[in-house]
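Letter by letter, the chains look like this.
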Amino acid sequence: MKVSIPDVIPPRCLLIGVMLALLFVGCKPLTPTPTPTTALVEAALRMPKPTFTPLPTATPTATATATATATATATHTPEPSPTATETATATPEPTATATPEPTATATATATLLPPTATVTPAPPTPTPEPTHTTEAPAPPPPVVRGHVEPLVLGNYFAWFDGDKWGDCNISGGDRPLHPYCSDDADATARHVRMALDVGFDGFTQQWAAPRERTDRNFRTLLERSQGTGFRSTVIFLRHIWPDGPTQARVVEALRYLRDEYGGHPNFLRVDGKPVIIFTDVYRVTPDARGKSALQFWTEIRREVDPDHRMLWIGEGLDASYLQVFDGLYVYKITHAAYPHDYVKASRWAANVRRAGVDKIWMATISPGWDDLRSTCRADIRVANRPHRVDRGDGAFYRATYDAALASAPDWLWVNSFNEWVEGTYIEPSVHFGERAMQLTGEFVRHFKGR
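1. So, the environment of valine 284
Mapped onto the secondary structure, valine 284 falls in the loop between β7 (273–278) and α8 (293–304). Among the residues examined, valine 284 registers a relative accessible area of 26% and is labelled partly exposed. Sequence separation between valine 284 and leucine 294 is ten residues, and the spatial gap between their C-alpha atoms is 9.7 Å. What valine 284 contacts, discounting residues up to four positions off in sequence, is Ala293 and Phe296.

Below is the structure:
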């Protein structure tokens, strides 16, 4: 049922209520209190209307700061204005000193600058020392000993047993195509013919002591070279051989070589002087402790060859050795930490040239290196971390030759003809065939035809 107000409230009572309400407000008309929002709107309406002038459009310039985020770099790369000076890019290209992938701690901001702004990039991160030398070889020095015959010599080993080619220390498990015993004179003669075929002038045979196995095999090498023009000498090991040699024994061994072989027609001589090659000249005999290597060898040469009627070629990088020796070479041109150390050949040659025009620089080339299996047996070498350098089907060999040639060497030394422990052999093998021998012939012809 519908109910109306008159039905509920008597008219008299309604009149009395209205009168009371008027008395309570003082009979003033009710005015709504403005709210804060209403007041703001009214104030805004009373203000003069502003004149709007659009701002000039700025050409964005991208900048990557030291705190740039990976997200900004990946998602926003403003194109630089043609009039802006560009000193940094928002998306860095990978370089040797920058890691292109974002890290957890890196932040980045992309900032739009006015067209006249020049951005200065944050200082680059210092380049870490490379694990191998990357410098380009220095320009070849002038050939100051052009009258010297450009010899090519091969490092030769004469201490292998015919039944040991499966031993644990043979590099890479390889072996010669024709296994042999170093005491076999016919095997020695075969090696001489192979070396002559690629243009070698002779071998530098590793030699330990008088009347020892390597000495007997060196005599065989000279005998089986007669009539061929093949001239060989020794790599002198007496001072490091593990039988406690003294300085007096080193002197005795050198006098033996001079007197026993110096006059042999197939012993290497240059300008009429017998040549001896030394290794590890910084290592002195136990009884010479307290002496420097320079003093040690100075005393020895004074006793053996005071008038310098021989040529002594030392191994090492210290140019001070040239006060005693007539030339230098570097035996090992690759190391675990510096697998491409051979690129320093021109620098090494410069050390020799500065010592005088009468000094000889013998540059080293090698087809590769792999002595990872060598640690299964002790030997006379200085302890070094074993490593392997892939031959690359001759790429490494060619790179060492190019670096050696840039150093303008007097002589070229191939390390090695048959070093089967360090994996530097060029002798034909089961794994590599005759590839290294073929390249050697190419290099020798080029070297001698300069």
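2. Some details on the state of the cysteines
Applying the stated criterion to the full structure yields one disulfide. The disulfide bridge from cysteine 168 ends at cysteine 376, spanning 2.0 Å between sulfur atoms. The disulfide joining cysteine 168 to cysteine 376 has a torsion of about 85 degrees about its S-S bond and is therefore right-handed. Of this pair, cysteine 168 sits in the loop between β3 (152–156) and α5 (185–197) while cysteine 376 sits in the loop between β11 (369–370) and β12 (388–389), and the two are 208 residues apart along the sequence. Accessibility expressed as a relative area gives 34% for cysteine 168, which makes it partly exposed. Given a relative accessible area of 40%, cysteine 376 falls into the partly exposed group.

3. Looking at the packing of helix α7 (residues 247–261) against α8
Closest axis-to-axis distance for the α7/α8 pair is 10 Å, and the angle between their directions is 45 degrees. Classed by the angle they form, the pair α7 and α8 counts as oblique. Handedness of the α7/α8 crossing: right-handed. Of the residues in α8, those in contact with Gln247, Val250, Val251, Leu254, Arg255 and Arg258 of α7 are Phe296, Trp297, Glu299, Ile300, Glu303 and Val304. Looking at the contact of α7 with α8, its residues break down into seven nonpolar, one polar and four charged.

4. So, the pairing of strand β5 (residues 233–236)
Summarising the sheet, strand β4 (residues 202–207) and β5 pair through four bridges and their orientation is parallel. Bridge pairing in β5 links glutamine 205 to valine 234. Chirality of the crossover, the property in question, places the unit of β4, helix α6 (residues 213–223) and β5 among those that are right-handed. Direction of pairing for β5 relative to β7: parallel, over a ladder of two bridges. Its bridge partner being in β7, isoleucine 235 is matched across the sheet by isoleucine 277.

5. Section: the packing of helix α10 (residues 395–406) against helix α11 (residues 435–448)
Where α10 meets α11, the axes come as close as 11 Å, and the angle between the chain directions of the two elements is 15 degrees. Between α10 and α11, the interaxial angle falls into the category roughly parallel. Crossing angle aside, the handedness with which α10 passes α11 is right-handed. Taking contact as the criterion, the partners of Tyr397, Arg398, Tyr401 and Leu405 in α10 are, on α11, Ala436, Leu439, Thr440, Glu442, Phe443, His446 and Phe447. Considering only residue class, the contact of α10 with α11 consists of seven nonpolar, two polar and two charged.

What counts as what
Residues numbered from 1 in each chain as written. Predicted model: local features only at pLDDT ≥ 70, side-chain atom pairs only at ≥ 80, totals over all residues. Heavy atoms only, no water. Helix = DSSP H or I, 4+ residues; strand = E, 2+ residues; numbered from the N terminus. Buried < 20%, exposed > 50% of the residue type's maximum accessible area, 1.4 Å probe, protein only. Contact = heavy atoms within 4.5 Å. Disulfide = S-S within 2.5 Å. Axes fitted to C-alpha atoms, helices over the stretch in contact; angles between N-to-C directions. Parallel < 35°, antiparallel > 145°, perpendicular 65-115°, else oblique. Left-handed = near helix turned anticlockwise from the far one by under 90°. Nonpolar A, V, L, I, M, F, W, Y, C, P; charged D, E, K, R; others polar. Pairing = 2+ DSSP bridges. Right-handed = clockwise from strand over helix to strand, strands pointing away.

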